[in-house]
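# Breakdown of the fold
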Amino acid sequence: MKTASGSPVSNPWAGILPAILLMAGFFAVPILYTIGLSFSSDAHQGFTLDNYRTFFAEARLVDALSRTLILGLSVVVVSSLIAFPAAYFLAFVVAPAWRAVCLFVLVAPFWTSFTIRAFSWQLVLSDTGVIAWLAGEITGLTVSLGFLYTMAASIFGLSLFSIMLITLMIYSVMITIDRRLIEANTVLGGSGWSAFREVILPLSLPGWMIGAVLTFIIAVGDYAVPALLGGGFKPVLAQVMLSVLKGTYDLPTAATFASILVLLILAACTPLLLVVRSVRLQG
């Protein structure tokens, strides 16, 4: 490893060792402790798989896990479909002098609390909210949206935040793409679509992957949006875990739910890593 001046660094570990220790202390250790706790119970001393057997034997818990997976993947898909055009617009259409203003407009709504925004949308999307009232004024009919307290409402609420996140991740990569590659594509007879498909999209995948992974982690672990917009009638796993902690305070059972969420995140994110690696190798 070399410094900016070109001289070699005698001991690069001295710079990154504090970060590694912080990661181990504040990330790895709590996760490992939680996983270890999931293999214990009040009824058994030592190692046991009873918590996991109980989890997969109860249909309501498996259903909660399925809803969690569907919610996370749906939020990633919806957010990505909107974030890619938005990032492209910011990187290749907006004039450089106006990019900072556009980024400010994109980020500013998210300076408020995540929970407060979810509660605000609860008021807006209800059958007595602003949208239903406005639709009733226009049509002269009593309008019932039937949108609040559904899975779609949870996807909507989480996607509002995730669109911003994925857009910023993709934009940060798109803005570094060498414009000469796009010009070369045009000189060789390529169209605008081929430039996007063969140059911009492959080079933007690392940014999208980071945004998609972060979005999935937030979506599957969030409690506020599914509770406020989804209603909790068909809870996701995070809601079930919190109800256990607030009810019986069964830490091994709650740790089992948390460990399953960690495994779910790893299982869902690994294919993304493999796809991006394959595309970059092909490129």
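Now for a description of the structure that goes with this document.

About the thresholds
Residues numbered from 1 in each chain as written. Predicted model: local features only at pLDDT ≥ 70, side-chain atom pairs only at ≥ 80, totals over all residues. Heavy atoms only, no water. Core = buried A, V, L, I, M, F, W, Y, C linked by side-chain atoms within 4.5 Å. Buried < 20%, exposed > 50% of the residue type's maximum accessible area, 1.4 Å probe, protein only. Helix = DSSP H or I, 4+ residues; strand = E, 2+ residues; numbered from the N terminus. Polar contact = N/O pair within 3.5 Å; in protein donor to acceptor, adjacent residues only side chain to side chain. Contact = heavy atoms within 4.5 Å. Arc of directions from axis to C-beta.

Grouped together as the largest cluster of nonpolar side chains are 41 residues, with contacts concentrated most on F55, I170, M174, W208, F216, L237 and F257. Of all the secondary-structure elements, those providing two or more residues to this core are α2 (50-57), α3 (59-93), α7 (151-174), α9 (192-221), α11 (237-247) and α12 (251-282). Ranked by residues supplied to this core, first place goes to α9 with 11 residues.

A word on unusual backbone geometry. Despite not being glycine, Y149 has its phi angle at roughly 65°, a positive value. Position of Y149 relative to the elements: it lies in the loop between α6 (130-139) and α7.

Okay, the side chain of S159 next. Note on placement: S159 falls in helix α7. At 2.6 Å, the side chain of S159 and the backbone oxygen of I155 are in polar contact. When near neighbours in sequence (up to four residues on either side) are disregarded, S159 contacts V75, V78 and S79.

So, on to α2. Helical geometry: 3.6 residues make up each α-helical turn, so side chains three or four residues apart lie on a common side. Residues of α2 that are buried include every one of N51, Y52 and F55, and no others. Buried residues along α2 cover an arc of 95° about the axis, so they all sit on one side. Residues of α2 that are exposed and angled more than 90 degrees away from the buried face: R53 and A57.

Everything listed here is a matter of coordinates, which is why it stays silent on function.
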